[in-house]
Amino acid sequence: MTTLKQIDLTCPICQTRFTSHAVLSTNSFGGKRTDFHERAAGAQPLPYLIHICARCGYAGGERDFSDEADVSPVVREHVWDELAPKLPEVGGTIPGSAKYEFAAKVAAWQGAEPRRIADLYLRAAWCCVDEGDVEAERYFRRHAAWMFEEALKAYDGVPREERAILTYLVGELWRRIGDTMKAAVWFEAVAGEVTDLQNQQWVVDAADQQRLNPREWFG
């Protein structure tokens, strides 16, 4: 089962003190989807891995609420101008997908690497699966795909041994969005990114599977 704990945080933007829930332990007994979305048995941990200030909308991991947080005047202005107005009324629920979307925007304003931003958008899409919001899921998958593509174009933004996996993931994202032609191009590129065939054959096999006869789950 996923278990949670309460933590006390202080927003580095507006200095609001608030309580949030963090993941103490979880599991992966629910299986893994072919976009690497691991499912837990019981409560899903994803919404609790990102925290958000309900006053200004600043969002991030626990570390982003520490003294190490990058809260330049530019970031502070963006948060107040673009995130605060999108918050629900006081007491309203902020879904996991919105937490990750806000965190992705903050990361972009902080100049984070494209892969970091892509990961946040991907997790926003995963949250949308549980929230039953198909259109938002496609929206976030598209943004994740674009940012992963940007990371791969930079070349040094992705370790060489991880390029095949990310190339596969971009293909799978486009497939789930519904662009099978673009997905096929990425799936076909996977083999050329492999650095260790013995250990990465599964990626090549997964790309071929998803291109020819796609599945929703691994295993």
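Notes on the structure in this doc start here. Here the structure is a predicted model, which is why all the values come from computation and not from measurement.

1. Observations regarding the packing of aromatic side chains
Point 1. Counted according to the given criterion, the structure contains 8 aromatic pairs.
Point 2. Ring geometry for phenylalanine 18 and phenylalanine 65: centres 5.7 Å apart, planes at 75 degrees, overall edge-to-face. Taken together, the residues phenylalanine 18 in strand S2 (residues 17-25) and phenylalanine 65 in the loop between strand S6 (59-60) and helix H1 (73-83) connect sequence positions 47 residues apart. Summarising the burial analysis for this pair, phenylalanine 18 and phenylalanine 65 share the class buried.
Point 3. Aromatic side chains tyrosine 58 and phenylalanine 65 sit 5.1 Å apart centroid to centroid with 80 degrees between the ring planes, which places their arrangement in the edge-to-face category. Phenylalanine 65 shares its class with tyrosine 58; the two are buried.
Point 4. A connected cluster of aromatic rings, assembled from ring pairs, spans Phe36, Tyr168, Phe187, Trp202 and Phe218.
Point 5. The cationic tip of lysine 182 hangs over the ring face of tryptophan 174; the distance from NZ or CZ to the ring centre is 4.1 Å.

2. Considerations on the side chain of threonine 167
Point 1. Within the element layout of this structure, threonine 167 appears in helix H5 (residues 163-177).
Point 2. Leaving out residues up to four positions away in the same chain, threonine 167 has contacts with Leu152, Trp186, Ala189, Val190 and Glu193.

3. With respect to the pattern of salt bridges
Point 1. Within the structure shown, the criterion is met by 14 salt bridges.
Point 2. As a salt-bridge pair, arginine 115 and glutamate 162 come within 2.4 Å of each other at their nearest N and O atoms. You can see arginine 115 sitting in helix H3 (residues 114-131) and its partner glutamate 162 sitting in the loop between helix H4 (134-154) and H5, a full 47 residues away along the chain.
Point 3. Overall, glutamate 162 belongs to the partly exposed group, its relative accessible area being 26%.

4. A short note on the side chain of arginine 163
Point 1. Inspection of the secondary structure puts arginine 163 in helix H5.
Point 2. Overall, arginine 163 belongs to the buried group, its relative accessible area being 6%.
Point 3. Only 3.0 Å separates the side chain of arginine 163 from the side chain of glutamate 193, close enough to count as a polar contact.
Point 4. With residues near it in sequence (within four places) discarded, arginine 163 still touches Leu152, Tyr155, Val158 and Glu193.

5. Overview of the nonpolar core
Point 1. Core analysis: the largest hydrophobic core is formed by 66 residues, its most contacted members being Cys11, Cys56, Tyr58, Val79, Phe148 and Tyr168.
Point 2. For this core, the element with the highest residue contribution is H3, accounting for 10 residues.

6. With respect to the environment of alanine 207
Point 1. Residue placement: alanine 207 occurs in helix H7 (residues 197-212).
Point 2. Taking relative accessible area as the criterion, alanine 207 reaches 1% and is therefore assigned buried.
Point 3. A C-alpha to C-alpha distance of 7.9 Å links alanine 207 and glycine 171, two positions 36 residues apart in sequence.
Point 4. If we skip the residues at most four places from it in the chain, alanine 207 touches Tyr168, Phe187 and Val190.

7. Quick word on the environment of aspartate 179
Point 1. Assignment of secondary structure puts aspartate 179 in the loop between H5 and helix H6 (180-189).
Point 2. Under the relative-accessibility criterion, aspartate 179 is labelled partly exposed at 28%.
Point 3. Looking at aspartate 179, its side chain comes within polar contact range of the main-chain nitrogen of lysine 182, at 3.0 Å.

8. Some details on the pairing of S2
Point 1. Inspection of the sheet shows strand S1 (residues 3-10) paired to S2 by 8 bridges, in the antiparallel sense. From the neighbouring strand, aspartate 8 faces S2, where its bridge partner is threonine 19.
Point 2. Once S1 ends, the chain turns through 6 residues before running back antiparallel as S2, passing glutamine 15 with a positive phi of about 65 degrees.

9. So, unusual backbone geometry
Point 1. At glutamine 15, a residue that is not glycine, the phi angle is positive and equals roughly 65 degrees.
Point 2. Looking at the secondary structure, you find glutamine 15 in the loop between S1 and S2.
Point 3. Positioned with a positive phi, phenylalanine 36 is a non-glycine residue whose angle comes to about 75 degrees.
Point 4. When you line up the elements, phenylalanine 36 lands in the loop between strand S3 (31-32) and strand S4 (38-39).

Cut-off values and rules
- Counting starts from 1 at the beginning of each chain's written sequence and moves along it residue by residue.
- Per-residue local features of the predicted model are confined to residues with pLDDT of at least 70, and side-chain atom pairs are confined, for both listing and counting, to 80 or more; whole-chain, interface and lining totals are unaffected and use all residues.
- Side-chain calculation: all heavy atoms of the structure are included, whereas hydrogens and water are not.
- Only centres within 6.5 Å qualify two rings of Phe, Tyr or Trp (six-membered ring in Trp) as a pair; their planes then separate them into stacked at under 30 degrees, edge-to-face at over 60, and tilted for everything else.
- Segments assigned H or I by DSSP are reported as helices when at least four residues long, segments assigned E as strands when at least two residues long, and all are numbered from the N terminus.
- Buried residues are those whose accessible area, probed at 1.4 Å on protein chains only, stays under 20% of the maximum for their type, while exposed residues exceed 50% and partly exposed ones sit between those limits.
- Counting as a charge over the ring demands two things of the Lys NZ or Arg CZ atom: a distance within 6 Å of the ring centre and an angle within 35 degrees of the ring normal.
- Whether two residues touch is decided by their heavy atoms; if any such pair falls within 4.5 Å, the residues are in contact.
- The salt bridge criterion pairs a side-chain nitrogen of Lys or Arg with a carboxyl oxygen of Asp or Glu, the two atoms within 4 Å.
- Two N or O atoms count as a polar contact when they lie within 3.5 Å, although within protein this holds only if one can serve as hydrogen donor and the other as acceptor, and sequence-adjacent residues are included solely when both atoms are side-chain atoms.
- Nonpolar cores were defined as sets of buried Ala, Val, Leu, Ile, Met, Phe, Trp, Tyr and Cys residues, with membership established by side-chain atoms within 4.5 Å.
- When DSSP finds two or more bridges between two strands, those strands count as paired.

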